[in-house]
Amino acid sequence: MQTGKIGVTSENLFPIIKKFLYSDHDIFLREIVSNAVDATQKLKTLASKGEYKGDVSNAKVVVKLDTDAKTITVSDNGIGMTAEEVEKYINQIAFSGANEFLDKYKDDANAIIGHFGLGFYSSFMVSEKVDVITKSHKEGSQAVKWSCNGSPEFTLDEVEKEDVGTDIVMHISEEEKGFLEDSKISGILDKYCKFLSVPVIYGKEKEWKDGAQVDTDKDHQVNDVAPAWTKMPADLKDEDYKNFYRKLYPMGEEPLFNIHLNVDYPFNLTGILYFPKIKNNFEVQKNKIQLYCNQVFVTDSVEGIVPEFLTLLHGVIDSPDIPLNVSRSYLQSDSNVKKISSHINKKVADRLHQIFKDNREDFESKWDDLKIFIEYGMLTEEKFYDRAMKFFMLKNTEGKYFTWEEYEKLVKDNQTDKDKNTIYLYSTNVEEQFTFVEAAKNKGYDVLVLDDVLAPHLINKLEQKYTDKRFVRVDSDVVENLIKKDDTTKEELTWEQKQELSPVFQAVCPEDKDYSFIVDFQDLGETGSPMVITRNEFMRRMKDMSAAQGGMSMYGDMPESLSLVVNTTHPLVKKVLDAKDKKLGKKLEELTAELTGKKDEIAVLEKAKEGKKDEEVPVADKEKLDSLNAELVKLEETKREQLSDFGKKNKVAKQMVDLALLANGLLKGADLDKFVKRSVELIK
Ligand code: ADP
Ligand code: MG
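None of these values were measured; they are calculated from a predicted model.

A.B. asks: Can you walk me through the site of ligand 1 in this structure?
C.D. replies: In the vicinity of ligand 1, 13 residues are found, and the nearest of them are Asn35, Ala39, Asp76, Gly119 and Phe120. For ligand 1, an oxygen atom lies 2.7 Å from a polar atom in the side chain of Asn35. One of the side-chain nitrogen or oxygen atoms of Thr166 is found 3.5 Å away from a nitrogen atom of ligand 1. Those elements giving two or more residues to the shell around ligand 1 turn out to be α2 (27–48) and α3 (83–105). Its residues assigned to classes, the shell around ligand 1 shows 9 nonpolar, 3 polar and 1 charged.

Structure follows, in structure tokens:
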């Protein structure tokens, strides 16, 4: 028997390993199993070169759990090690690797928690003792057993072992006995070893017998040794990709498309990415991209490796070139990782463009599920934006799809205003904005549907890129004003009349904490609606955007200001005007006369003040002016009150406002009920 001391600088390396790596103890099994896989592959390589004569066709790794002995054993029939190799690889190399690793990160415990590659020595995170029983493939080798109890001392003995290969026996420590659960081990194997390239056996296949699950004689293989991404795209059918998706995410909804990545220069990368259906509300995607390194699962948090918007995708990326044993921040600055990121970015755009070109109909049918993803990419990745402009789709209210270029051609002639801006009309909710959509269509305009949460942001971006194009929501103004082709509008009402009608209609506007109303006048033609409600484009967009960001902003809290546009040429407006004259005619005339009188007096006094210093103006004049002004305010107040009172009692005015509210989906509850009753009364 030989005893010795491992070449360690620190006497207490094991406590450090245990302490630093506590967060992810599961990975010890990944490390030990992947070493076993490596060992069998090395032997296969030797056999293929004729340097090993034995049989390698039955290469496999067997994981055994012995709850009585409290051990987990990982056995392989791989290359094995001679005593010298154990000395070299286990005592020196592996340990020095561990040492170096800890040295590098001793000041930054967080950097190593989670992702690392301590390899063989990670077995000490869960074991009080580890045995390595190994027999080299070299002819006439003597099997040896290395044993270490977690101190830097080890023993090395000659033992009997029939077959070539290695058994790693981990004596699980008391505090880690959770790893002696069958379900725990299956769970870890399923997570990390599902796609390893050599069969990994754990237990037996089970079957149902007399209402219970029992073992059969058949070995249970936990992995698929040739997952879809390792095959050539030409050898795979659509169904194969779908099956693989189900294997990755048994609960997932069927994906829309897939992309098979296959790069060997300037770095190695394979993988399959899937486009999931993304709901309009941008729900968090639970099925994350899984990152593999030579078929060994590493992580499913790929932030920093793929562009942020692509984290919405599902699937697998496998690359031996992504440095895994480093911290996240290092990963993000790694030049290989950057290249990989931009490559995937390009591939995804190319693939989408391809599908668009090959089968536009299919692409259009999936657009609604894809658009959030594409819009997100366009907003966050300039390069993707440039590529996406070729296949980005605009959908109109008729359900027709256009590329940016096609749409530009469609509306250019008819929707360019007097300032040479092309106006892209859109609706965020065709049902709610129905009257406006109809009005625009009747006028021969086309209306887009831009109804998802990212649309307001995308609109801003597009307007920045194309300064001669503007997006205008259909209900932001009356149809005549959406696209202003000339400046002339004929005046039907006098200034005075408008001033008087304004409080009349203001009085019948609903009081609401979310909205405030401003009365405005416009000529919408005798056959147009008597009154329409429009929402200010700027204000509304700001509100929409702040809502998408969680609603915590200045615009989110402000009441939305709506314009109540009175159609100056509509007969009903004339009717209200006439009713007002009839009811208030005399009184108003008197009031108005009085008001003008006061105004004249004020004007005279103001004129007299001109050019004089304050102390030169007689005190009496000053007092007179103050009292006149006060009277003026009072008179105006009275006038407004009169008009307001009249408005409140005028059913036609109320009915007109309610109709406009109704068209905007703003008339609800008790108000709606009153409206219905009043309508019945009016037609009686
Ligand atoms: P790495 O796998 O990165 O080389 P490890 O610490 O996991 O580092 O392993 C150290 C070395 O020990 C390996 O490179 C290999 O030479 C040897 N080794 C570990 N496990 C086995 C095994 N099951 N069969 C043969 N050699 C092994
Ligand atoms: Mg290893």
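After that view, the rundown keeps rolling.
A.B. asks: How should the sheet that holds strand β14 (residues 314–318) be read in this particular structure?
C.D. replies: Backbone hydrogen bonds are what pair the strands of a sheet, in a parallel or an antiparallel way. The 5 strands are arranged β10-β11-β14-β12-β13 in an open sheet whose pairing can be described as mixed. The sheet terminates laterally at β10 (257–263) and β13 (296–299), the two strands that pair on one side only. The average undirected angle you get between the axes of adjacent strands in this sheet is 20°. Strand direction decides the pairing type here: strand β11 (residues 269–275) and β14, joined by 5 bridges, are antiparallel. Paired with Thr270 across the strands is Asp318, a residue of β14. The strands touched by helix α6 (residues 238–248) are β10, β11, β12 (290–293) and β14; relative to β11, the strand with the most contacts, the crossing angle is about 85°.

A.B. asks: Help me out: how do you make sense of the sheet that holds strand β22 (residues 560–567) in this one?
C.D. replies: Spatially, the 3 strands line up as an open sheet ordered β20-β22-β21, and their pairing is mixed. Across the chains shown, the open sheet's two edge strands, defined by having one partner strand only, are β20 (515–522) and β21 (531–535). Taking each pair of neighbouring strands and ignoring which way they run, the sheet shows an average axis angle of 30°. Bridging between β21 and β22 involves 5 bridges; their strand directions are antiparallel. The partner of Ile533 across the bridge, within β22, is Leu564. Across the sheet, helix α15 (residues 495–508) lies against β20, β21 and β22, angled at about 150° from β20, the strand it touches most. Packed onto the sheet, helix α20 (residues 651–663) meets β20, β21 and β22 and runs at close to 45° relative to β21.

A.B. asks: What's the story with the environment of Asp446 in this structure? I'm lost.
C.D. replies: Looking at the secondary structure, you find Asp446 in the loop between α12 (434–442) and β18 (447–449). Judged by its relative accessible area of 15%, Asp446 is buried. Sequence separation between Asp446 and Ile423 is 23 residues; the distance between their C-alpha atoms is 9.9 Å. In this structure Asp446 touches Asn396, Tyr407, Leu410, Val411, Gln415 and Leu425, once residues within four positions along its chain are discounted. Among the polar contacts made by the side chain of Asp446, one reaches the side chain of Tyr407 at a distance of 2.7 Å.

Definitions and limits used
Residues numbered from 1 in each chain as written. Chains lettered and ligands numbered in written order. Predicted model: local features only at pLDDT ≥ 70, side-chain atom pairs only at ≥ 80, totals over all residues. Heavy atoms only, no water. Near = heavy atom within 4 Å. Polar contact = N/O pair within 3.5 Å; in protein donor to acceptor, adjacent residues only side chain to side chain. Helix = DSSP H or I, 4+ residues; strand = E, 2+ residues; numbered from the N terminus. Nonpolar A, V, L, I, M, F, W, Y, C, P; charged D, E, K, R; others polar. Pairing = 2+ DSSP bridges. Axes fitted to C-alpha atoms, helices over the stretch in contact; angles between N-to-C directions. Contact = heavy atoms within 4.5 Å. Buried < 20%, exposed > 50% of the residue type's maximum accessible area, 1.4 Å probe, protein only.

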